[in-house]
Amino acid sequence: MNKIQELKEIIADNERFAIISHLSPDGDNLGSIIAMTNYLSDLGKLVYPIELDNIPNKFKFITDSIKFYDNSNFEVDVLITLDCADRKRLGNIDNLFDNSTKIIKIDHHNSGDDYADLSIVDSDISSTCELLSEIFLELDANFTTDISTALLMGVLTDTGRFLFDSADSRTFEIASILCSNGAKKDLLMDKIFQSESLSAKRAQLEILKDASFYYDSKLVILEQSLNLLKKYGVADTDVENVINYFRESSEVCAVALIKELSKDNYKISLRSKGNINVCEIAKKHGGGGHINASGLKIEAPYKEVKSKIIEGFDILDK
Ligand SMILES: [Mn+2]
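Small disclaimer: the values here were computed from a predicted structure and weren't measured.

Draft legend 1. Region of interest: the nonpolar core. The biggest cluster of nonpolar side chains holds 49 residues, and the ones touching the most others in it are Met-36, Ile-80, Ile-106, Ile-135 and Phe-136. Apart from the residues lying within four places of it in its own chain, the contact partners of Ile-80 are Phe-17, Ala-18, Ile-19, Ile-20, Met-36, Leu-40, Ile-104 and Ile-106.

Listed below in C-alpha cells is the structure:
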C-alpha cells in the first residue's frame, strides 16, 4: 500500500490527534501545523496542535486563528510531526511519544533520524507545506481558504518567495492551486515580508556593518550578539532576514550567521547558493537541514566557533 493511502487509513481509524513541529517555529512549520489541524478538524477529528516554542511576532496574524495547546500530559491516538527531521529538534516531548499509539512523520529534510511508525519524507520537495499540498490533493481534501493560505505561507517562506533552487515547476503549480482556492497571497506578502520594524532594520544594519569576509569574499560571516538585540529591543526572529543580504551578492556563495544564545553557546544558520552543500557542514556538528539552508549549534567561545565555521567552508578554498 502506498504511504499516503496508509495515512488515509490511520486518519479514518483514529479520533484524537496531536500535531507538532520543530522548536524555533518558522513559516513552513506553522503553515503545516495550521493546515493539518484544519484538515483534521474539518473531518470531525479531535485535534491538538502543540505550541512547543514561542511563535515569532510576524506569524501571529495567522496563528491567532487556531487554538494551541501546551505540551502537557494528555493522551492521543496519533502524533503527527511536521517539518521535523530529528526527534531532538522536538525538544522534550517524551510524554507525547509515550501517550500516542502511532507516530507519523511528514517532512522534506535530507537529514534526520527515523523516529516514526509511518514516515512520508521527500527531500526533493521545497517545503513541508508543498508536500502536504500533494498529500491533500491525493486525499481529495477540501482546500479551504484557511488551509490554502497556511500552505502557501510555508511554500513562500521555505523557498524565499520562489528564489531558492528548491522551487521547481511543480512548486509554482502548487502555489497556483493554492491561490485558486483562495490563499491570501497579498496578506502573506505584506505581513511576513513587508512588516519589519525600523528597529529590526537598524539592528540588521549594525550586524551587516561588522560582516567579515573569507575565501575571496565567497564566505560572509555575521555575528548577532545578545547585547545587540537588547540595544535595539528586538527578538532574534525579528532580525533573521539579515542572512539574506550578502547572499544576494554575485561574489558571495555562502553566509553564516552566528547567533549568541547564552555565554559560549551559539546557534549558527548557514545559507548558500548552487552546489555549496551547507547541510554537510552542519551535520559535522550535529546539525542538519537542506543543501542550501542548514543550522547547527556549537558550545564554545565565539572565536573558536567562528574558526570552526571558516574551516567547515574549506571547499571554497580554490
Ligand atoms: Mn521546511
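Draft legend 2. Seen up close, the sheet that holds strand β5 (residues 118-121). Overall, parallel pairing links the five strands, which are arranged β2-β1-β3-β4-β5 in an open sheet. The two strands at the open ends of the sheet, each matched to only one other strand, are β2 (46-49) and β5. Recorded for the sheet is a direction-independent mean angle of 15° between the axes of neighbouring strands. In the sheet, strand β4 (residues 102-107) pairs with β5 via four bridges, with the strands oriented parallel. Within the sheet, the bridge partner assigned to Ile-104 lies in β5 and is Leu-118. Where helix α2 (residues 27-42) meets the sheet, it contacts β1 (16-21), β2, β3 (78-82) and β4, and its direction lies at approximately 170° from that of β1.

Draft legend 3. Region of the structure containing the environment of Ile-19. Residue position: Ile-19 is located in strand β1. Along the sequence, Ile-19 and Tyr-69 sit 50 residues apart, while their C-alpha atoms lie 9.8 Å from each other.

Draft legend 4. Just the pattern of salt bridges, in detail. Counting across every chain of the model gives 13 salt bridges. Glu-173 is the salt-bridge partner of Arg-170, the closest N and O atoms lying 2.9 Å from each other. Here Glu-173 and Arg-170 lie together in helix α7 (residues 169-180), a separation of three residues that amounts to about one turn. With a relative accessible area of 28%, Arg-170 lands in the partly exposed category. Residues Lys-201 and Glu-196 are paired through a salt bridge, measuring 2.6 Å at the closest nitrogen-oxygen approach. If you follow the salt bridges from partner to partner, you end up with Glu-134, Arg-170 and Glu-173 in one network.

Draft legend 5. Representation of the coordination of the manganese ion. Surrounding the manganese ion are the protein donor atoms Asp-28 (OD), Asp-83 (OD), His-108 (NE2) and Asp-158 (OD), at 2.2 to 2.3 Å. Every donor residue of the manganese ion comes from the same chain, spaced as D-x54-D-x24-H-x49-D. In this pair, Asp-28 sits in helix α2 while Asp-158 sits in helix α6 (residues 145-158), placing the two residues 130 residues apart along the sequence. Asp-158 matches Asp-28 in its accessibility class, with the two residues each being buried.

Draft legend 6. Representation of helix α1 (residues 3-13) in the model. When α1 is considered as a whole, its buried residues turn out to be Ile-4, Leu-7, Ile-10 and Ile-11. Viewed end-on, α1 has its buried residues packed into an arc of 115°, placing them on one side of the element. Away from its buried face by more than 90 degrees, α1 exposes Ala-12 and Asp-13. At its buried positions, α1 is contacted by β1, α2, β3, β4, β5 and α5 (128-138). For α1, the side-chain oxygen to backbone nitrogen distance between the N-cap and Ile-4 is 2.7 Å, and the N-cap itself is Asn-2.

Draft legend 7. Main features of the pairing of strand β9 (residues 265-272). The element β9 is largely enclosed, with a buried count of six among its eight residues. Relative to β9, strand β8 (residues 254-262) is paired through eight bridges, and the arrangement is antiparallel. Within β9, the position partnered with Lys-259 by the bridge is Lys-267. What sits between the antiparallel neighbours β8 and β9 is a turn of two residues, in which Asp-264 has the positive phi angle 55°. Across six bridges, the pairing between β9 and strand β11 (residues 293-298) is antiparallel. Residue Lys-267 lies in a different strand from β11, and its bridge partner there is Lys-297.

Draft legend 8. Up close: the state of the cysteines. Scanning all chains against the criterion turns up zero disulfides. Sulfur of Cys-84: no disulfide; nearest cysteine sulfur belongs to Cys-279 and is 14 Å away. For the unlinked cysteine Cys-129, the closest cysteine sulfur is that of Cys-179, found at 13 Å.

Draft legend 9. Region of interest: the pairing of β8. By the bridge criterion, six bridges tie strand β7 (residues 219-224) to β8 in an arrangement that is parallel. In the sheet register, Leu-219 faces β8, and the bridge partner there is Ala-254.

Draft legend 10. Representation of the packing of α5 against α6 within the structure. Two elements in contact, α5 and α6, have axes whose closest approach is 7 Å; the angle formed by their N-to-C orientations is 140°. One element, α5, and the other, α6, form an angle in the oblique class. Residue-level inspection shows Cys-129, Glu-130, Leu-132, Ser-133 and Phe-136 of α5 in contact with α6, the latter providing Ile-147, Ala-150, Leu-151, Gly-154 and Val-155. For the contact of α5 with α6, the residue count by class is seven nonpolar, two polar and one charged.

Reading guide: rules and limits
- Residues numbered from 1 in each chain as written.
- Predicted model: local features only at pLDDT ≥ 70, side-chain atom pairs only at ≥ 80, totals over all residues.
- Heavy atoms only, no water.
- Core = buried A, V, L, I, M, F, W, Y, C linked by side-chain atoms within 4.5 Å.
- Buried < 20%, exposed > 50% of the residue type's maximum accessible area, 1.4 Å probe, protein only.
- Contact = heavy atoms within 4.5 Å.
- Pairing = 2+ DSSP bridges.
- Helix = DSSP H or I, 4+ residues; strand = E, 2+ residues; numbered from the N terminus.
- Axes fitted to C-alpha atoms, helices over the stretch in contact; angles between N-to-C directions.
- Salt bridge = Lys/Arg side-chain N within 4 Å of Asp/Glu carboxyl O.
- Donors = N, O, S within 2.8 Å, 3.2 Å for Na, K, Ca; no water.
- Arc of directions from axis to C-beta.
- Polar contact = N/O pair within 3.5 Å; in protein donor to acceptor, adjacent residues only side chain to side chain.
- Disulfide = S-S within 2.5 Å.
- Parallel < 35°, antiparallel > 145°, perpendicular 65-115°, else oblique.
- Nonpolar A, V, L, I, M, F, W, Y, C, P; charged D, E, K, R; others polar.

Read these as layout, nothing more, since geometry by itself doesn't imply function.
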